[in-house]
Every structure is written in structure tokens, then in C-alpha cells.
Amino acid sequence: MYPDAGRLVQLVVVSTIGTRSAGQRAGQSAGRAWPASQGMGLPMALFILLILSMVGLAVQRITSTTAQQYSQTVSAARAYLAAYSGAQLVLPDALSASPCQCTLARQKIEFGVSGLSGCQVTVECSRFVVDTDTYCTLTSQSLCDGSNASRTLEVRVK
């Protein structure tokens, strides 16, 4: 139909690309202004900072909770091992005679080894007879880390 129609469109597009009037800013076309989007950078930056600070706070809270739980787990394990060791230290005295004997009713032990330093153990021994059998009960109570962790174990022997 129109043999030069493609050439005409190319000329029009090329001629509008670099022409701006003196009052136009970059990003505006000759007849229309962009919608009012000025001033959105600051609220957007504040929103992003708020989200990032909330994520940072959550990570910090999780980290401190995990560290506290780990510390409590270590203290509880130390208290258990101290009570167990206290019972093992007194057990040979209770089993030295037949039937079992409670030579010391109450004994305090403080450990000097590196894993149990700062732990105190109190071991009590009680003896009772059922029918003709004599039983001894050793109750070992430990306090570790300034009484932050405690554990009580009971051992009954015949």
C-alpha cells in the first residue's frame, strides 16, 4: 500500500528521541508529567531499616537464649556428675562390712578437679532393715556454680 510507511515511522521515532524543551526534566515526555512520586525514597529507606533492625533483634535474642541454655545444660551436667561422684566415693565405706554400714551419717565433699571445681556434695547415709535384710540408702546432693545448679541422687545397696 504505502511503500515508504516504514521509513516514515523510523524518521518520526528518531526525531523525537533527543529533543526536549528547556522546561522539561529527564524522565518527562513533551506533553505529560510523571505521577507525583517524589519523596518516596526516605520512607522506603526507613521501612527497610525498620525491617532489618527487627531481624537483627530477633537473631540477637535467639543467640543469647541459646547461649544461656547451653550454660544451664553444662551446669546441670556438672551437678549430676558431682552428685554421682560423691555417691561413688562414700559407697565403698558403706559396703565395707556385711551387712552394709553407715559409718558417717553425713559427709561433705568439695572437689578440686578442674571439671568439678566449685561443686560441693553432701552425702547422707541411712540404714534400715526389712524382714532380715539390711539396706543402706545413700543420698548425694550436689550444688554447683554458686548454687545455680543442684542435683540429688539416691543409691540403695544391700
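As the structure is a computational prediction, the values presented were derived from the model and not from experiment.

*Asks:* Help me understand the pattern of salt bridges, please; the structure alone is not making it clear to me.
*Replies:* Where charged atoms from two side chains of opposite charge approach closely, those side chains can pair. Evaluated as defined, the whole model comprises 3 salt bridges. Salt-bridge contacts for Lys-158 lead to Asp-133; the nearest nitrogen and oxygen are separated by 3.6 Å. One end of the pair, Lys-158, is in the segment after β4 (149–157); the other, Asp-133, is in strand β3 (residues 133–144), with 25 residues separating them in the sequence. On the basis of relative accessible area, Asp-133 is assigned to the partly exposed category, the value being 27%.

*Asks:* Looking at this model, I keep getting lost on the side chain of Ser-75. Mind explaining?
*Replies:* Note that Ser-75 resides in helix α2 (residues 41–94). Under the relative-accessibility criterion, Ser-75 is labelled buried at 11%. Looking at Ser-75, its side chain comes within polar contact range of the side chain of Asp-145, at 2.5 Å.

*Asks:* Explain a nonpolar patch on the surface to me, please; I cannot follow it from the model alone.
*Replies:* A cluster of nonpolar residues, Met-44, Phe-47, Ile-48, Leu-50, Ile-51, Leu-52, Met-54, Val-55 and Val-59, forms a patch on the protein surface that exposes about 870 Å² of accessible area. The topology assignment puts Met-54 in helix α2.

*Asks:* Hey, could you run me through the pairing of β3 in this one?
*Replies:* Residues in a regular strand project their side chains so that they alternate between the two faces of the sheet. Relative to β3, strand β2 (residues 120–130) runs antiparallel, the two being bridged by 11 bridges. Each bridged residue has a counterpart across the sheet, and for Gln-120 the counterpart in β3 is Leu-143. Adjacent in sequence and paired antiparallel, β2 and β3 are bridged by 2 residues, among which Asp-131 carries a positive phi angle near 55 degrees. Count of turn residues in the β3/β4 antiparallel hairpin: 4 residues, of which Asp-145 carries a positive phi of about 55 degrees.

Analysis parameters
- Residues numbered from 1 in each chain as written.
- Predicted model: local features only at pLDDT ≥ 70, side-chain atom pairs only at ≥ 80, totals over all residues.
- Heavy atoms only, no water.
- Salt bridge = Lys/Arg side-chain N within 4 Å of Asp/Glu carboxyl O.
- Helix = DSSP H or I, 4+ residues; strand = E, 2+ residues; numbered from the N terminus.
- Buried < 20%, exposed > 50% of the residue type's maximum accessible area, 1.4 Å probe, protein only.
- Polar contact = N/O pair within 3.5 Å; in protein donor to acceptor, adjacent residues only side chain to side chain.
- Patch = residues over 30% accessible without salt bridge, like charges linked within 9 Å, V, L, I, M, F, W, Y side chains within 5 Å.
- Areas by Shrake-Rupley, 256 points an atom, 1.4 Å probe, with all protein chains shown as cover.
- Pairing = 2+ DSSP bridges.

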